[in-house]
Amino acid sequence: MLVSAEAIATDPTTDGVFRVPTLPSARGPLSRTVIDLLRGDPDAARPGGVAAALQDPDLFSPDLFSPDLFSTDLFSTDPYGDDLQLALYLCYEMHYVGFADADAAWEWQPELLSLRAGLERRFLDALHRDVPAATADDTAGSEMDELCIENPDGAGASYHLRDNGTWEQFRQLFALRSLYHLKEADPHAWAIPRLRGHAKAAYVAVEFDEFGGGRGDAVHQELFADLLRASDLSADYLGYLDTVPGVALTPVNLMSLFGLHRRYRGAAVGHLAATEITSPPGSQRLLAGLERLDAPEACRHFYREHVEADAVHEQILRTDVVGDLVRSAPDTEADVIFGIRAFLFVEDALDAHVMGAWERGESAFPGI
Ligand SMILES: [Fe+2]
Ligand SMILES: [Fe+2]
């Protein structure tokens, strides 16, 4: 990971070399199929493979991928389960850093893309089933207003961590969140070419801050790497991919899905708006918990930065980005609302996983 010369000099745990991750272990037939593909030669001919994909309207064919894949019913696979979410994460990762043991040419390889399309369809169908669609009376503005209503006595991981959370529970949360924060703001950056005018300028202003405002050591991804090191956790990119519960991959896959599909640009904007609006109060609670525990400064710094910066980002997103987008492209408003509601849905699922584990006296991240 790129770190500042100053950080390298003072931090003996990093040599300043970015380590490209290797492929994780499979969690079922879908992720095994993707891993098997990625380990192979992207240019090798697979008889009938692409042709079958192009001819099959469902993009799936029993002879297309590994033989055991279709011995199970793909469409009975849990759309939010570990296997599908890991398979999708691996497909998307080819557009980010990729894997040392996967040829970069897989990024645009048609068979992998066709498999990804099937996974996305399964995921999206579930989201459209579980996330209420916008009605004629709903507006992006009212949706964002609702996000701003703070419950001082609310329940959830950040409230627990503020008042009673242990350092071990904070470390579990950091590891769960590492899959997102070590690529923070990258998934939303895909939406930039899909915006115009004022909305684009304001969106880029927020992303500029996320990417450190011109300073490598202030990139939020790097701040989180500093937090991980200060917590005696791995700061390697995807360092926890092999063991992270699938429920922590879903929020990242949602961002990648919205960012990589132009037709979901409204949802990508809604997702970023929801992220920024909910970040300051949530970060404030985590900061209070870290101060209560006298946690390392690098940990406090990450959340302090988000209390301060995201209060500004929230206003920019509400007025300048969403406001201008729905004015100039009214057809995006329902998708902005979908992006906000889908964000809440997957974040609530992760929160329920974390609190469920803690209430049972278990770790929310096995092994930590
Ligand atoms: Fe950030
Ligand atoms: Fe932000």
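Residues numbered from 1 in each chain as written. Chains lettered and ligands numbered in written order. Predicted model: local features only at pLDDT ≥ 70, side-chain atom pairs only at ≥ 80, totals over all residues.

- For the protein chain, an unreviewed UniProt entry supplies the name Iron-containing redox enzyme family protein and the organism Gordonia westfalica.

**A short note on the overall build of the protein chain**
Thought 1: Check the secondary structure of the protein chain and you find 15 helices and 0 strands.
Thought 2: Taking all 368 residues of the protein chain together, 42% fall into the buried category.
Thought 3: Within the protein chain, residue pairs in contact and separated by at least 24 positions form 81% of the contacts whose partners lie at least 6 positions apart. (Helix = DSSP H or I, 4+ residues; strand = E, 2+ residues; numbered from the N terminus. Buried ≥ 20, exposed ≤ 12 C-beta atoms within 10 Å, placed from the backbone. Contact = placed C-beta atoms within 7 Å.)

**Notes on helix H4 (residues 82–93)**
Thought 1: An ideal rise of 1.5 Å per residue puts 16 Å on 12 residues; H4 measures up with 16 Å between its terminal C-alpha atoms.
Thought 2: Most of H4 is tucked away, with 11 of its 12 residues classed as buried.
Thought 3: Turning to H4, its buried residues number three or more, namely Asp83, Leu84, Gln85, Leu86, Ala87, Leu88, Tyr89, Leu90, Cys91, Tyr92 and Glu93.
Thought 4: Summarising the contacts, the buried residues of H4 are in contact with helix H2 (29–39), helix H5 (110–130) and helix H12 (250–260). (Expected span 1.5 Å × (residues − 1).)

**As for the nonpolar core**
Thought 1: In terms of nonpolar packing, the biggest core is built from 92 residues, with Ala273 and Val322 touching the most fellow members.
Thought 2: Ranked by residue count, the leading element in this core is helix H13 (residues 265–292), at 10 residues.
Thought 3: Formed jointly, this core draws a minimum of three residues from each of two domains, domain 1 (19–130) and domain 2 (140–359).
Thought 4: In this structure Ala273 touches Met144, Leu317, Arg318, Val321, Val322 and Ile340, once residues within four positions along its chain are discounted. (Core = buried A, V, L, I, M, F, W, Y, C linked by C-beta atoms within 7 Å. Domains from an automatic or database assignment.)

**Focus on the packing of H4 against H5**
Thought 1: Across the interface, H4 lies against H5 with an axial gap of 10 Å and an inter-helix angle of 135°. Taken together, the axes of H4 and H5 are oblique relative to one another. In this structure, the crossing between H4 and H5 has a hand that is left-handed. Contacts between H4 and H5 involve Leu84, Ala87, Leu88 and Cys91 on the former and, on the latter, Leu112, Arg116, Leu119, Glu120, Arg122 and Phe123.
Thought 2: Among the residues forming the contact of H4 with H5, the class breakdown is 7 nonpolar, no polar and 3 charged. (Axes fitted to C-alpha atoms, helices over the stretch in contact; angles between N-to-C directions. Parallel < 35°, antiparallel > 145°, perpendicular 65-115°, else oblique. Left-handed = near helix turned anticlockwise from the far one by under 90°. Nonpolar A, V, L, I, M, F, W, Y, C, P; charged D, E, K, R; others polar.)

**Digging into unusual backbone geometry**
Thought 1: Phi at Ala185 is positive, roughly 80°, even though this residue is not glycine.
Thought 2: By the secondary structure assignment, Ala185 is in the loop between helix H8 (167–181) and helix H9 (186–189).
Thought 3: Owing to 21 C-beta atoms within 10 Å, Ala185 belongs among the buried residues under this scheme.
Thought 4: In this model, Asp294 sits at a positive phi of 55°, which is unusual for a non-glycine residue.
Thought 5: Judged by the 8 C-beta atoms lying within 10 Å of it, Asp294 is exposed.

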